[in-house]
Amino acid sequence: MNQEDYATQGAYEAEGAARDDALATRRDADEAESSRASRSWWDRNADEYQSEHGAFLGDDRFVWGPEGLDEAEAALLGPAASLAGKDVLEIGAGAAQCSRWLAARGARPVALDLSHRQLQHALRIGDDVPLVEADAGRLPFRDASFDLACSAYGAVPFVADPVAVFREVRRVLRPGGRWVFSVTHPLRWAFPDEPGPAGLSVSASYFDRTPYVEQDEQGRAVYVEHHRTLGDRVRDVVAGGFRLLDLVEPEWPEWNSQEWGGWSPLRGNLIPGTAIFVCERD
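Residues numbered from 1 in each chain as written. Predicted model: local features only at pLDDT ≥ 70, side-chain atom pairs only at ≥ 80, totals over all residues. Heavy atoms only, no water.

Any chance you could break down the overall build of the chain for me, citing the residues and the numbers?
Broken down by element type, the chain carries nine helices and ten strands. Against the compact-globule benchmark of 19 Å for 282 residues, the chain has a radius of gyration of 18 Å, which places it among compact chains. Expressed along its principal axes, the backbone C-alpha trace of the chain runs to roughly 50 × 45 × 40 Å. Taken over 282 residues, the chain has a buried fraction of 53%. The contacts in the chain between residues at least 6 apart in sequence include a share of 73% that link residues at least 24 apart. Between the averaged position of the 29 positive side-chain charges in the chain and that of its 47 negative side-chain charges there is a distance of 7 Å. (Helix = DSSP H or I, 4+ residues; strand = E, 2+ residues; numbered from the N terminus. Rg over C-alpha atoms; globule rule 2.2 N^0.38 Å. Buried < 20%, exposed > 50% of the residue type's maximum accessible area, 1.4 Å probe, protein only. Contact = heavy atoms within 4.5 Å. Lys, Arg positive; Asp, Glu negative; His and termini not counted. Charge placed at Lys NZ, Arg CZ, Asp CG, Glu CD.)

Explain the pairing of strand S8 (residues 221–225) to me, and be specific about the residues and the numbers.
Most of S8 is tucked away: five of the five residues are buried. Between strand S7 (residues 212–215) and S8, which follow one another and run antiparallel, lie five residues, and glycine 219 among them has a positive phi close to 80 degrees. (Pairing = 2+ DSSP bridges.)

How would you summarise the environment of proline 197 if you had to cite specific residues and measurements?
As for its position among the elements, proline 197 is in the loop between strand S6 (173–184) and S7. In the structure, proline 197 is positioned 69 residues away from leucine 266 in sequence and 7.8 Å away in space, judged by C-alpha atoms.

Quick rundown of the sheet that holds strand S2 (residues 87–91)? Include the residues and the values.
Strand order in the open sheet formed by seven strands is S4-S3-S2-S5-S6-S10-S9, and the pairing between neighbours is mixed. The open sheet is flanked by strand S4 (131–133) and strand S9 (242–248), the only strands paired with a single partner. Neighbour-to-neighbour, the strand axes of the sheet open up by a mean angle of 20 degrees, direction not taken into account. Pairing of S9 with strand S10 (residues 274–281), which is carried by six bridges, proceeds in the antiparallel orientation. Within S10, the residue paired with arginine 243 across the bridge is glutamate 280. (Axes fitted to C-alpha atoms, helices over the stretch in contact; angles between N-to-C directions.)

Written out as C-alpha cells, the structure is:
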C-alpha cells in the first residue's frame with residue numbers, strides 16, 4: 001500500500017449505491033458472509049465515515065466510543081506511563097487514530113483493519129504507524145507477539161464467531177496481556193437506532209440474537225451486525241481464554257452535544273450506549 005492508493009476512489013463510489021437500496025432484515029449470516037459484507041461496506045463508506053467523524057476522533061486521539069471517553073482519562077490499558085516500550089495490537093483500527101496516540105506515549109503499536117480504504121485514510125494522515133490489512137479471525141502474527149490488544153468498536157460487533165476472534169487475540173498476546181474492546185451496549189438492541197424520542201421505546205426482544213442484515217436485491221449481505229446479550233459477551237470472553245477485569249459503561253458527559261447515529265445526549269443520559277470489556281489473558 002502507498003500514498004498513491006489514496007486516489008483510487010472511483011471504484012468505491014461506483015459501488016456506493018448498493019447500500020442505498022439495501023433491504024434491512026434479521027436473518028442468519030455466517031462468518032464468511034459477514035466478513036465479505038464488512039470489508040466491502042467499510043471500503044465503500046470509509047470516506048464518508050472519516051469525513052463525518054474525523055474531527056471528533058482526531059488524528060491521534062484514543063476514543064472508546066461516541067460518548068467520548070478518552071483513554072488518556074480512562075487508562076483501561078494501564079497508566080499512560082506504563083505504555084512505553086509495549087507492543088500493542090489495535091484491531092479494527094480504521095484510520096489508526098488510537099495507534100497514533102499509543103505511539104506518542106512510547107508504545108509500539110500495529111494497526112490492523114479489514115478495510116483497505118480505511119487503511120488508506122491512515123496513510124493519508126501519516127505513515128508513522130505500521131498498518132496491516134487482515135481479518136481479525138485470522139491474525140497474521142506469531143504467538144505471544146504483543147503485550148496489549150485493543151479495539152474501539154472494531155471487528156467484534158461484526159463477526160459471527162467472536163470466540164474465534166478472542167482466541168486469536170489470546171494466541172498473539174503474551175501471558176498476562178490485556179485485551180480491551182468496546183462495542184454497542186447490548187441493551188441498545190431492544191431499542192430503535194434513533195437519536196430522538198423514538199429511540200426510547202423498546203421495539204424488539206433483547207434476547208433475539210438474529211443478526212441485523214442489510215442486503216441487496218439478490219439477497220447478498222452488504223452490511224451485517226451481530227447481537228450478543230451482556231451475558232453472552234461475558235461468556236465469550238471466558239471461552240476465549242480471558243478473565244474479565246472490568247466492564248465499563250460510559251455515562252454521557254455534559255460537554256458532548258453531538259449526535260452519532262443512534263447515540264445522542266437524550267439517549268445517553270437515560271440508557272447506556274457503549275460497553276467496554278477489560279480482559280486479561282490467563
